[in-house]
Amino acid sequence: MKILLAGGAGYIGSHTALALLNSGHDVVIADNYYNASPEAVRRVEKLTGKPVTLYEADVQDRDAMMKIFKENDIDCVIHFAGLKAVGESVKKPLFYYRNNIDTTLTLLECMEATGVKNFVFSSSATVYGAENAIPYVETMHRGSCSNPYGWTKYMMEQILTDAVAADPDMNLVLLRYFNPIGAHESGMIGEDPKGIPNNLMPYISQVAVGKLDHLTIFGNDYDTPDGTCRRDYIHVMDLAEGHVKAVEYIADHPGTNIFNLGTGTPYSVLEIVKAFEKANDLKIKYEFGPRRAGDLPEFWANADKAKKVLGWTATRTLEDMCRDSWNWQKQNPNGYRD
Ligand code: NAD
Ligand code: UDP
């Protein structure tokens, strides 16, 4: 299949591009490099020995995107092109709603105009909200989100579901990611946050490499086994392989199909710190700080549906995730700017 990866130069998109190319698919990427570098795509080409058709384009720009759809015989779209910093979304909600929702609408309009019927969406566990019991199952009603970023995911899921309900030939897969960490085992591609990282694993990696002094663990008074929050961390290459399964499934399965992509096993912040130290034989300086607003104490996936229906299951261990994160960070202390 020929697959358009909107936002495909980013963290999850670049690893998915690699997995798709290695599975024999053709990859077209459209990215405005707002939070990415074309170097990631060059490295994917080097690792796979296969070319990627790459466009610098804003996915909100209908004319630019129509050109891409017309120049390529696209079979399926995967929409990664979102803004994703939770804290920033609270400060700049309009920026988040505009970018995330406009990109989705533009892709749907271009697909309608060119007859492309398959849409895979990067959704998030955040749509389950605080109301649901743990572990989260796809059949649960979605909850209320605690920030504008989460609401954009919630709204985009709704827009996509409505668009697909109106066109019996359209197929939609909503992939609800849990917490992707790690990097390709080569250490050539990985997560390259701009500025001070918001997420746990890049923060730990930057402490390890000496760019940051210490990690602040946000809260150790939660009602969890060690008092720190628990999440379902998943290796980004497992997540990438989940996308390969989704694109190979989608065409024969009309309507909206939802899959959790997680491991089903939670780890606490402290367990992550300890696992990173053990896997890489180093020490991470940390201290406990106050809770971060909006954090839920714990959540993880019920990952049975993806296993049963897609034949996908996460195979990489927490040790793999910690080793590969560090392998990427130590080889690229300044990310793709090195
Ligand atoms: P990322 O920031 O690395 O990738 C997003 C990519 O989209 C970047 O390359 C960015 O430059 C591009 N982009 C953003 N707006 C664009 C626009 N208007 N036009 C063109 N390109 C644009 O983030 P990621 O971690 O790879 O996440 C990919 C998707 O998965 C996002 O939609 C994110 O919300 C979702 N997601 C991520 C996580 C996570 O923890 N990383 C968890 C759940 C869901
Ligand atoms: N976290 C932390 N210190 C940091 C960054 C994150 O203690 O500097 C914690 C955060 O409170 C959460 C977990 O690590 O419990 C994962 O946070 P992240 O931002 O990576 O993902 P989220 O689950 O919020 O999407």
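Every value quoted in this text rests on a predicted model; they were computed, and no experiment measured them. The written sequence of each chain sets the order in which its residues are numbered from 1. Starting at A for chains and at 1 for ligands, labels are handed out in the order in which the entities are written. Only residues with pLDDT of at least 70 are given local features in this predicted model, and only at 80 or more are side-chain atom pairs given and counted; all residues enter the totals for whole chains, interfaces and linings. Only heavy atoms go into the side-chain values, all of them from the structure, while hydrogens and water stay out.

Examining the site of ligand 1
Note the threshold: Only a single heavy atom is needed: when it lies within 4 Å of a molecule or strand, its residue is near that molecule or strand. In protein, a polar contact requires one atom able to donate a hydrogen and another able to accept it; more generally it is a pair of N or O atoms within 3.5 Å, and residues adjacent in sequence count only if both atoms are side-chain atoms. Shrake-Rupley sampling with a 1.4 Å probe provides the accessible areas, and residues are treated as covered by the protein chains on show and by no other component. Helical segments are the DSSP runs of H or I of at least four residues, strand segments are the runs of E of at least two, and each set is numbered from the N terminus.
Around ligand 1 there are 29 residues in total, and Ile12, Asp31, Asn35, Lys84 and Asn99 lie nearest to it. With respect to ligand 1, the side chain of Asn35 contributes an N or O atom lying 2.7 Å from an oxygen atom. One of the backbone N or O atoms of Phe80 is found 3.2 Å from an oxygen atom in ligand 1. Starting from 810 Å² of accessible surface for ligand 1 in isolation, the protein chains cover 95%. Sorting the residues of the shell around ligand 1 by element identifies helix 1 (11–22), helix 5 (93–114), strand 5 (118–124) and helix 6 (148–165) as the ones contributing at least two each. With three residues, the single largest contributor to the shell around ligand 1 is strand 5.

Topic: the sheet that holds strand 6 (residues 171–177)
Our working definition: When DSSP finds two or more bridges between two strands, those strands count as paired. The axes used here are C-alpha line fits, helices contributing only the stretch in contact, and every angle between their N-to-C directions lies in the interval 0 to 180 degrees. The contact criterion used is simple: two residues touch if any of their non-hydrogen atoms lie within 4.5 Å.
Read from one edge to the other, the open sheet built from seven strands follows the order 3-2-1-4-5-6-11, with strand pairing classed as parallel. Each edge of the open sheet carries a strand with a single partner, namely strand 3 (53–56) and strand 11 (255–261). For this sheet, the mean angle separating the axes of adjacent strands, direction not counted, is 20 degrees. As paired strands, strand 1 (residues 2–6) and strand 4 (residues 76–79) are joined by four bridges and run parallel to one another. By the bridge assignment, Ile3 is partnered in strand 4 with Cys76. Relative to the sheet, helix 1 contacts strand 1, strand 2 (26–31), strand 4 and strand 6, its axis offset from that of strand 1 by approximately 170 degrees. Where helix 5 meets the sheet, its contacts fall on strand 1, strand 4 and strand 5, and the angle it forms with strand 4 comes to roughly 175 degrees.

Comments concerning the packing of helix 9 (residues 269–280) against helix 11 (residues 318–331)
Working note: a packed helix pair is described by the angle between its axes plus the distance between those axes. Put simply, the rule reads: Angles are sorted into four bins: roughly parallel if under 35 degrees, roughly antiparallel if over 145, roughly perpendicular if 65 to 115, and oblique for all others. Take the far helix as the reference: if the near one is turned anticlockwise from it by less than a right angle, the crossing is left-handed, and if turned clockwise, right-handed. Three classes are used, and their members are as follows: Ala, Val, Leu, Ile, Met, Phe, Trp, Tyr, Cys and Pro are nonpolar, Asp, Glu, Lys and Arg are charged, and the others, Gly among them, are polar.
Where helix 9 meets helix 11, the closest approach of the two axes is 9 Å, and the angle between their N-to-C directions is 70 degrees. Considering their axes alone, helix 9 and helix 11 lie roughly perpendicular with respect to each other. The handedness of the crossing between helix 9 and helix 11 is right-handed. Counting all contacts with helix 9, which are made through Glu271, Ile272, Ala275, Phe276, Ala279 and Asn280, the residues of helix 11 involved are Leu318, Glu319, Cys322, Arg323, Ser325 and Trp326. Here the contact of helix 9 with helix 11 is built from residues that sort into seven nonpolar, two polar and three charged.

Here we look at the site of ligand 2
In the region of ligand 2, 15 residues are neighbours, and Leu200, Thr216, Arg231, Arg292 and Asp295 sit closest. Take Asn199: an N or O atom from its side chain is 3.1 Å from an oxygen atom of ligand 2. The separation between an oxygen atom of ligand 2 and a polar side-chain atom of Asp295 is 2.6 Å. Notes on ligand 2: free accessible area 520 Å², of which the protein chains cover 88%. The greatest single-element share of the shell around ligand 2, amounting to four residues, is contributed by strand 8 (residues 215–218).

With respect to the environment of Gln331
For Gln331, the position within the fold is in helix 11. Sequence-distant contacts of Gln331, that is, excluding residues within four places in its chain, are made with Ser186, Gly187 and Asp338.

Some details on the pattern of salt bridges
Convention followed: Definition used for salt bridges: Asp or Glu carboxyl oxygen within 4 Å of a side-chain nitrogen of Lys or Arg. Only protein chains enter the accessibility calculation, which uses a 1.4 Å probe. A residue is then buried if its area is under 20% of the maximum for its type, exposed if over 50%, and partly exposed in between.
The tally for this structure, following the rule as stated, stands at 22 salt bridges. For Arg230, the salt bridge goes to Glu298, with nearest N and O atoms at 2.8 Å. Taken as a pair, Arg230 in strand 9 (residues 230–231) and Glu298 in the loop between strand 13 (286–289) and helix 10 (304–310) lie far apart in primary sequence, 68 residues in all. For the pair Arg230 and Glu298, a shared accessibility class is recorded, and that class is buried. When the shortest N-O distance is used, the salt bridge between Asp324 and Arg323 registers 3.3 Å. For Asp324, a relative accessible area of 4% gives the class buried. Salt bridges sharing partners connect three or more residues here, namely Glu39, Arg42 and Arg43.

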